[in-house]
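Residue-level structural notes
Here is how the chains run, residue by residue.
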Amino acid sequence: MIEIAIWFAFACFGAAIMLCLYRIISAEGVGTRVLALDTMVINTIALMILYGLALGTEIFFEAAMIIAMLGFVSTVAYARFMLRGNIIE
Amino acid sequence: MNHWIVAPIVLPAILAPFIIMVLRYHLDLQRIFSVAGVVALLGIALTITAQAAGGDILVYELGDWPAPFGIVLVLDRLSAMMVLLTALLALPIVLYAIASGWDDRGKHFHALFHFQLMGVCGAFLTGDAFNLFVFFEVLLIASYGLMTHGGGSVRLKAGVQYVAYNLLGSTLFLFALGTLYAVTGTLNMADLAVRVAEIPPEDTALLRVGAVLLLLVFCIKAAVLPLHFWLPASYANAPLPVAALFAIMTKVGAYSILRVDTLVFGPDVAVTQGLLGDWLQPAALLTLAVGAIGILGSQHIARMTAFCAIASMGTLLIAISLFTETATTAALYYIFHSTLATALMFLVADLVMGRRGGAIAPTAPMAQSGLVSALFFVGAIAMAGMPPLSGFIGKLLVLDAARDALDANAIWAVILIGSFVTIVGLARAGTLIFWKSHDAQHNPAPEVDDDEEAPTLPAPEPNPGLAFTAIFGMVMGLVMLTLFAGPALNYAGKTAEQLFTPENYISAVLGGEE
Amino acid sequence: MEALVASAVGIMTAAGIFLILRRRTFPVILGLSLITYAVNVFLFATGRLALDAPAVLNKYEEVPYTDPLPQALVLTAIVISFGMTAVIVMIALSAYLSSKDDHIDMTAQDSVDGAGEDA
Amino acid sequence: MFIIEFLVAFFLIVSGIFGFVGSYGMIKLKDPMSRLHAPTKATTLGVGGVLLASIFHSAIIEQHLSLHELLITLFLFLTAPITALFIAKWHIHRHEKPDDLPDAGEDELWATHAVEQVEDVPDHTKT
Amino acid sequence: MRLLHRIFPHPHLTILLTLVWMLLANSPSLNSLVFGLILGIIIPFITQPYWPDRPKLRNWPMIIEYMLVVLWDIVMANITVARIILFKRDADRQPNWVCIPLELRTPEAITVLAGTITMTPGTVSCDLSAQGHNLLVHCLDAPNVDEVRDQIKQRYERRLKEIFE
Amino acid sequence: MSLFLIAALPFLGAVFPALLIRAGRNAAASAAGLTTFLALMGLLIHIPSVMRGDVVTAGFDWIPVLGLNANFMLDGLGFLFALLILGIGLLIILYARFYLSREDPMGQFYTYLLLFQGAMVGIVLSDNILLLLIFWELTSLSSFLLIGYWKHLPEGRQGARMALAVTGGGGLAMIAGMLILGNIVGSYDLSVILQNKELIQASPYYMAALVLILLGCFTKSAQFPFHFWLPHAMAAPTPVSAYLHSATMVKAGLFLMARMWPVLAGTDAWFYIVATTGLVTMLIGACIALFKDDLKALLAFSTVSHLGLVTMLLGFGTKFAAVAAVFHIINHATFKAALFMTAGIVDHEAGTRDVKRLGGLRQLMPITFTIGTIAALSMAGLPPLNGFLSKEMMLEETVHTTWLHSHYLVPGLALLAALFSAAYSFRFVGHVFLGPQRNDYPHHPHDPPVGLWLAPAFLVVLVVLIGLNSAAIVGPLVAVVSSAVIGGEKLPYYSLKLWHGFTPALYMSVVATLGGLFLLALHRRGEQLWNALPRPEAKVIFEAVIGAFTALSRWITDTLHNGVISRYAIILVAFTVGLGYYAYTTGTIGPETREPLPIQIIPFIGWICLVGATLAIMWFHRNRLLSLVLIGVVGLIVSMAFNYLSAPDLALTQISVEVVTMILLLLSLNFLPTDTPWDSSAARRWRDAAISVVAGLGTGALIYALMLRDFAFPTISEFHLANSYKGGGGTNVVNVILVDFRGFDTFGEIIVLGIAALIIFALTEAVLGTNVRSYLLNRKPHWPQSGDSHPLMMVVATRVMMPIALMVGAYIFVRGHNQPGGGFIAGLVVAIAFLMQYMASGYTWAIERQRFYYHGTIGWGVLIAAATGIGAWFNERPFLTSDFGYLHWPPLEEFEWATAILFDTGVFLAVLGAVMLALDSLSRFAWQPGMAQEFPMDINPLRDDSKDEDKKEQA
Ligand code: NA
Ligand code: NA
């Protein structure tokens with residue numbers, strides 16, 4: 001049962017990531033692109049936890065955590081760039 | 001435990017951070033420590049050269065891990081000689097940089113200078129292929145900083161090109177190392193040599209690709225045509241004392257070719273036949289040709305000197321490409337000469353540029369024109385391989401070594417015609433720069449006799465005495481190299497002999513286990 | 001899986017080189033970043049691929065380990081190329097601000113007039 | 001045990017659905033401001049579901065308590081609002097005039113529009 | 001007391017960080033507690049200058065209550081919004097801006113409020129007014145703006161007011 | 001005196017004039033004269049042994065490897081030339097002291113002159129052809145300096161350059177010739193070479209060596225067609241012309257031909273090349289000399305002609321001709337030097353040396369007239385002067401010479417040359433001294449002080465004495481020299497008498513003399529004809545050729561190195577791919593030995609995203625921000641791939657580095673244009689794409705092939721896996737490799753990073769120190785800026801996030817040795833934590849609260865790492881040897897300590913400092929006055945409201 005659920009979740013997040021990529025490439029404004037990138041990062045985190053769960057390993061945890069942190073930083077950086085030009089002022 | 005071997009790397013690695021941290025706001029102290037550091041490096045270099053001169057190959061196992069599992073430093077005659085050359089080169093350059101005030105035209109000159117020395121010494125000493133990459137990067141990144149030292153739009157633009165091209169080279173280096181590791185499963189050069197010699201036939205294709213990529217990287221560094229394009233603009237636009245220091249950087253490429261092609265992909269190794277031998281020689285000939293043509297065709301003294309560097313690399317590479325013991329002896333001697341001569345020329349070019357700008361065209365008279373022109377003359381003699389300086393001996397050695405080569409005629413023709421073009425080009429530049437300050441047609445403004453006027457023009461250097469002393473030091477180096485050509489060649493000959501018996505190196509590094 | 005990795009390396013290399021051949025500094029820097037990714041993956045893959053076999057020793061049971069050495073090499077390579085990228089970004093920016101021109105090519109004028117000029 | 005397995009599977013499926021919906025929303029919703037709502041689902045129930053599943057899975061099936069996934073949730077809850085705020089501000093800055101927005105009351109303007117000095121810079125609204 | 005304050009500039013933060021460390025270490029042990037505590041003391045000491053004017057938390061039961069409310073809302077709102085995205089035609093949707101006048105003044109409290117609004121799907125906090133007296137919220141589908149505003153003020157702001165001020 | 005000393009004295013002496021010139025002109029001249037005199041005396045000491053026919057030698061092995069030995073020898077030939085060089089040198093030094101004006105830097109002059117003298121002495125005394133080559137090239141160099149001595153004259157410059165190019169070029173050819181010669185014989189020592197005539201002449205390389213050596217000789221001795229440089233070298237001061245271009249340097253070629261005569265001469269090739277060249281040169285030189293109005297040019301071409309004469313004699317290859325050559329060398333040296341000095345005196349006193357402006361100086365300058373006339377008549381070949389004697393011998397020998405079966409060609413042409421020779425000699429006398437006195441001389445001419453005329457007078461006395469009694473005066477010398485030339489063989493019969501009876505040579509002499517007079521009479525008409533003839537002006541041609549080559553070189557250089565880096569890169573890529581392909585196809589490869597891993601769906605999706613993002617970057621690269629976002633996607637997926645493929649450390653590092661890189665790029669993009677314009681044509685883009693695709697295919701195929709084959713040998717990493725725990729004390733093998741097995745790499749790596757930060761800092765300082773600063777202050781942002789630059793929510797979130805991030809950093813650091821993580825990633829995480837603070841509250845606000853300095857952090861990092869390494873020294877272990885152990889402090893559980901952690905601390909600090917310094921520097925570009933703010937956030941109702949209330953209260 002868990003197997004099937006895992007596969008279902010994999011499929012969902014996999015599809016979600018592709019949708020995000022599509023949005024990144026096709027969006028007309030940078031804001032939406034950044035949003036899509038941010039969403040992609042979040043989906044990736046979910047995927048990594050899923051993988052850890054599927055393989056019964058903890059090896060993905062640190063990466064997921066760091067990505068959660070870094071995704072935030074990079075999104076803020078992009079947003080600040082678009083709002084102010086200068087991201088550290 | 002003989003820690004001398006690692007000292008040329010550790011000394012600058014400690015000194016540079018010390019300069020950054022403690023002496024950041026004290027230029028005078030920086031200068032004192034920097035010079036002291038170079039002197040100490042020279043002392044270390046002399047010590048290890050003495051240790052290596054006996055013919056023993058000394059191995060230093062970093063972290064106490066045996067080769068090939070850890071990284072080893074290997075001190076043989078060649079590496080000792082190259083470290084010594086580095087130190088010898090660095091001393092006058094650092095003095096000149098201080099005297100000319102170049103070190104004050106931007107931040108962190110001395111720290112970067114020592115980091116550069118560290119990278120160069122490390123590259124010469126390491127016995128590990130990946131560690132060689134690391135030291136290449138250390139010396140490269142330090143060179144990026146030195147090259148753009150002081151800024152200026154053109155210099156920065158040239159800097160972008162220099163960095164971009166070399167980043168491609170670094171990438172190539174990684175591709176090469178990856179391939180070699182993937183085939184042989186090792187990174188230690190001696191171990192690599194053992195494994196390459198025993199490579200099963202099913203793996204030769206991939207190994208050959210790795211080998212050729214690696215050699216290409218070294219060829220980029222050594223400015224072999226057609227991989228030399230990074231050199232002219234970057235050397236010509238670098239601060240010229242830095243360009244003088246860069247004279248050793250091309251030699252790192254030459255050194256690596258020599259090292260790898262004698263140790264790992266040696267002449268007896270069937271599997272790597274033809275990877276370099278087939279094209280290095282024509283490429284070297286073209287390098288010399290392009291260099292000589294560049295000397296004649298340059299309109300700027302710095303650019304011309306950059307082409308001098310290329311031309312001398314051409315000559316050196318011709319010698320290397322012959323891959324015989326005699327030719328290698330010649331190459332080793334020529335490395336010494338070419339490094340000092342190129343550096344000398346760059347320093348003289350800096351004197352000229354500081355006084356009148358670098359255009360090879362008549363301009364106003366300059367301060368100390370007599371002295372500067374005399375030094376230019378000496379530098380030109382050295383560069384062109386004219387007697388009585390070591391360049392002539394080097395050229396004779398290379399010609400002599402080439403006489404049994406397949407293409408001896410072509411080699412001789414290119415070297416001699418190249419020398420001719422070089423002479424014409426340098427004579428043209430010298431006469432235009434130093435002698436043509438009075439040509440009424442070209443310079444309608446009334447001018448005074450430069451010999452009369454010279455003393456009244458101020459020298460641009462804050463400390464011209466030291467600047468000239470530094471350059472004289474370099475000239476003395478060339479003179480010594482000429483006078484003691486016999487002992488020098490004796491050392492070079494033994495070095496070549498050592499290089500052509502890689503078994504000793506291998507057994508020294510790997511012990512008895514292989 | 002190998003085919004995916006290999007083709008990814010190839011595509012990143014190709015795109016990287018394509019961008020390096022552009023004439024402005026920014027795309028060139030992007031190209032260098034891309035080719036850096038490519039070479040990192042390349043170097044990593046020389047240890048051959050393995051799933052769920054990280055080179056973290058398991059004290060309790062015998063498990064397969066992936067080849068740790070290429071990973072260490074890639075780590076070094078990543079760090080170094082980060083430093084290099086930072087430097088080229090900085091030099092490119094400085095060059096642009098000094099000349100208000102982000103062409104990467106040197107014109108003949110540059111090489112003749114300004115060679116070695118002081119700041 | 002079955003219940004635990006069921007619970008894990010349930011969380012996984014829920015997370016999958018919400019994760020997908022979050023990204024699908026970005027495609028389906030047409031106006032940029034509405035798209036901004038989508039990732040919250042991925043962040044909250046999407047990732048949250050997986051994390052819960054993981055915690056349960058390790059606690060019951062692998063027999064050791066592993067709560068560090070909670071940290072990721074903590075991070076996401078701390079950061080996602082900020083991310084959304086910034087993107088919303090970008091949208092307001094680029095696409096909304098002060099008049100398009102509800103009245104800001106005594107403060108007159110919303111912070112994004114409250115620029116200290118007006119500069120005559122070219123308007124690249126398309127970027 | 002002053003010394004104590006200097007050593008523990010943010011006791012709550014120390015607790016939080018120690019907890020974070022325990023979570024990171026992921027296996028309860030004395031070692032990790034001690035080490036976490038040490039870091040939990042050192043790090044706030046380092047970051048202290050970046051957090052001046054720390055608010056005081058007053059009502060701990062209210063904090064628990066608030067968290068439960070929010071969790072519940074998140075689940076519910078997720079379902080609502082998923083339904084909107086999946087099944088509602090885009091044209092039928094009524095996105096809207098809502099201005100929420102704030103009674104909260106503490107930056108920390110405002111942040112928690114805005115964060116809560118964003119994390120509950122269907123609403124996103126978009127901006128503060130120029131002096132920080134109003135919060136701009138965007139709703140994915142809000143035919144009735146006042147209802148949204150009242151709900152937010154009622155369910156969240158009220159509780160936060162009690163916690164922070 | 002040792003030969004070393006003789007050769008070395010001029011060089012040693014060269015130092016003095018330059019130094020002594022401050023002590024006065026006399027001091028400089030005396031020093032030069034004294035050294036020369038000493039050397040001359042040293043030479044003369046050897047007269048007895050030389051006259052006995054002994055060969056004096058001295059030598060030591062200088063460069064044995066090369067066979068370049070510092071061997072000197074003195075035989076008759078060497079003695080004669082050394083005598084000429086030093087003797088005439090002494091006279092020239094005397095003459096120059098009075099000749100040079102007050103403005104001329106005399107110290108320099110004598111230095112150059114002595115350098116030249118030393119080089120010449122070296123040539124003639126060398127017993128090693130490589131050594132000889134050194135001196136040979138030195139003469140070219142020193143003569144370059146001497147010719148260009150008057151730097152202000154363009155003619156001097158051009159002349160010097162031309163002379164250097166021609167003689168230096170010839171010297172290069174000679175290097176090749178000498179090396180060939182040495183290789184044939186197996187030694188570079190002359191004494192050995194001269195013993196091996198048969199070996200040399202039988203060698204297939206004989207022709208090559210001959211031609212190359214002769215090229216050197218002909219260029220140096222200004223033989224046709226290389227004669228053109230000599231007249232232009234006359235721009236030099238007259239003493240130089242007299243010394244170099246008559247007495248010494250131009251004779252170096254003759255000397256060498258004479259030196260090599262025993263082994264090179266005697267073949268047809270030698271005869272036809274050398275004799276013909278000599279003959280033609282003699283004729284052409286004489287002909288041109290007749291029509292030169294410049295006295296020195298006249299003498300120069302006359303010299304060319306006489307050199308041709310000697311060359312021709314040497315070319316004949318007979319012993320008698322060799323004797324004649326030797327004799328003429330002596331004679332020519334005496335009269336020609338005297339003539340040059342005379343010309344110099346005339347120039348000096350009359351203010352011009354243009355024949356057309358002279359005439360009638362006989363009474364005004366009687367002494368000069370006498371000297372000049374005697375020398376000129378000797379040059380014309382009139383008895384009883386010495387010129388007559390050797391010319392007779394020459395003519396005599398021509399009569400016996402057949403050239404391609406023709407008996408008349410050589411004597412006929414030689415006669416013609418002699419006729420011209422007589423004509424210009426008479427012209428020298430007639431048009432300068434004879435004729436009516438004029439009143440339009442530029443100066444008032446009169447005889448010079450004795451110092452000027454003494455030297456030529458001495459020479460003229462020799463001219464007469466040798467002519468009258470040559471056998472007594474120079475007979476032994478000629479004998480001994482000739483003997484040396486012909487290689488010690490028996491001398492032929494010859495007699496150095498004025499009267500040999502009515503020989504064909506005598507008739508020819510008479511014809512030549514009369515014809516010369518006749519020609520002089522017709523000079524004006526001849527001149528018209530001459531001027532009407534098209535004459536290729538060698539100088540113009542030479543300059544044009546050099547100019548054309550320079551222009552061509554410039555074109556080649558600038559076209560090749562046109563600054564277009566993309567082309568350089570294309571060449572690099574194409575070359576690499578080509579060679580790689582070659583290397584691959586010339587090797588062999590076995591079948592795949594590894595099963596590929598199955599493709600799973602999620603990696604496949606990742607692959608699609610990666611490929612999609614990569615292609616999108618290529619397609620959209622002009623939109624820089626989009627490219628950056630897409631690069632972020634690629635980085636994310638690469639990082640995921642690392643994680644998926646069992647490399648968690650890599651994943652962490654990759655993603656952290658990528659974010660920092662992205663931030664650096666964003667910081668710079670703030671100032672750069674946001675779009676890349678199209679500036680390459682579609683064709684170019686397609687070409688680039690094609691090359692890129694080929695390279696991509698290559699790398700892809702390579703790694704594919706590698707991955708599907710096993711290592712050919714067991715990999716060394718097995719050792720690392722086996723020893724990581726027991727030898728390195730860590731279970732994370734990757735980290736143990738980084739900090740222990742290959743800690744030295746890491747040491748280099750952090751230094752790279754530190755340097756990067758230093759460069760960024762230094763560049764920032766450099767750039768902001770220029771007018772860029774004002775540009776930045778006045779520049780407009782890319783687009784309007786929003787309000788609220790430090791939003792409240794962000795600030796508050798950071799207050800919590802940053803401590804947590806620091807905690808995560810600490811965690812990553814501590815566990816690194818045993819689990820994925822380590823100092824590097826921790827450094828990046830901590831840096832990002834601080835970056836968060838920067839972004840939240842602004843750089844200036846944050847930096848005021850900063851408690852560490854980045855330079856120091858980097859420095860400490862590197863120093864700690866180094867100190868950890870050095871610490872091992874005290875344990876008698878190599879650099880970077882690690883140690884570890886376990887501590888147990890109850891009630892705590894046991895925990896590990898390792899020096900590697902200290903090393904990792906160094907890494908951590910260096911990384912942290914480097915990243916922060918880089919960010920810090922870049923953010924300084926955006927600094928604007930008034931940016932420093934008092935508060936962490938722009939909007940804070942709590943703060944503002946209380947302020948408002950305060951205001952109200954105050955009101
Ligand atoms: Na929401
Ligand atoms: Na990112």
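Attention here is on the structure that accompanies the text. (Residues numbered from 1 in each chain as written. Chains lettered and ligands numbered in written order. Predicted model: local features only at pLDDT ≥ 70, side-chain atom pairs only at ≥ 80, totals over all residues. Heavy atoms only, no water.)

A word on the environment of E749 of chain F
Test applied: Working definition: helices are DSSP H or I runs of at least four residues, strands are E runs of at least two. Numbering for both runs from the N terminus. It only takes one pair of heavy atoms within 4.5 Å for two residues to be counted as in contact.
Considering the arrangement of structural elements, one finds E749 of chain F in helix α33 (residues 743–768). As a C-alpha pair, E749 of chain F and F852 of chain F span 103 residues in sequence and 22 Å in three-dimensional space. E749 of chain F has contacts with V134 of chain B, T76, V79 and I80 of chain C together with F824 of chain F, leaving out every residue within four places of it along the chain.

Here we look at unusual backbone geometry
Most peptide bonds adopt trans geometry, and most residues besides glycine take a negative phi value. The test is simple: The buried label goes to any residue with under 20% of its type's maximum accessible area, the exposed label to any with over 50%, and the partly exposed label to all in between, with areas taken from a 1.4 Å probe on protein chains only.
Going from L225 of chain B to P226 of chain B, the amide bond is cis rather than trans, its omega being 0°. Mapped onto the elements of the fold, P226 of chain B is located in the loop between α8 (204–221) and α9 (230–237). The residue after P383 of chain F, namely P384 of chain F, is reached through a cis peptide bond having omega 5°. Among the structural elements, P384 of chain F can be located in the loop between α17 (366–380) and α18 (386–399). Even without a glycine there, the phi angle at A222 of chain F is positive, about 55°. Residue placement: A222 of chain F occurs in the loop between α10 (206–220) and α11 (229–232). Taking the relative accessible area as the measure of exposure, A222 of chain F reaches 0% and is therefore buried. The phi dihedral of S646 of chain F is positive, around 70°, even though this residue is not glycine. Tracing the backbone through its elements, the reader meets S646 of chain F in the loop between α28 (624–644) and α29 (648–669).

Some thoughts on the interface of chain B and chain C
Note the following rule: Summed over both partners, buried area is the accessible surface (1.4 Å probe) that two parts give up on being assembled. Counted as salt bridges are all cases of a side-chain nitrogen of Lys or Arg within 4 Å of a carboxyl oxygen of Asp or Glu. Here a polar contact is recorded for every N or O atom pair within 3.5 Å, except that within protein the pair must consist of a potential hydrogen donor and a potential acceptor, and residues adjacent in sequence are included only if both atoms are side-chain atoms.
On the chain C side, the residues contacting the 40 residues of chain B number 42 residues. Surface buried jointly by chain B and chain C totals about 3600 Å² across both partners, of which 75% is contributed by carbon and sulfur atoms. Counting the surface chain B buries against chain C, the share from its top three residues, K157, F175 and Y181 of chain B, is 18%. Summed over the shared surface of chain B and chain C, the number is one salt bridge. Across the salt bridge formed by K157 of chain B and D101 of chain C, the nearest N and O atoms sit 2.7 Å from each other. Our count for the chain B to chain C interface comes out at five residue pairs in polar contact (both at pLDDT 80 or more). If you list the elements that add at least two residues to the side of chain B that touches chain C, you get α5 (129–147), α6 (153–184) and α9 of chain B.

Quick notes on the nonpolar core
Cut-off, in case you're wondering: Take the buried residues of types Ala, Val, Leu, Ile, Met, Phe, Trp, Tyr and Cys, join any two whose side-chain atoms come within 4.5 Å, and each joined set is a nonpolar core.
By size, the foremost hydrophobic cluster in this structure holds 792 residues, and its most contacted members are M40 of chain A together with W229, F744 and F747 of chain F. No other element matches helix α3 (residues 68–99) of chain C, which puts 22 residues into this core. When near neighbours in sequence (up to four residues on either side) are disregarded, F747 of chain F contacts A13 and M118 of chain B together with V862, A865, A866, F879 and F903 of chain F. Within the second largest apolar cluster, ten residues are counted, among which are V14 and V21 of chain D together with A82 and I85 of chain E.

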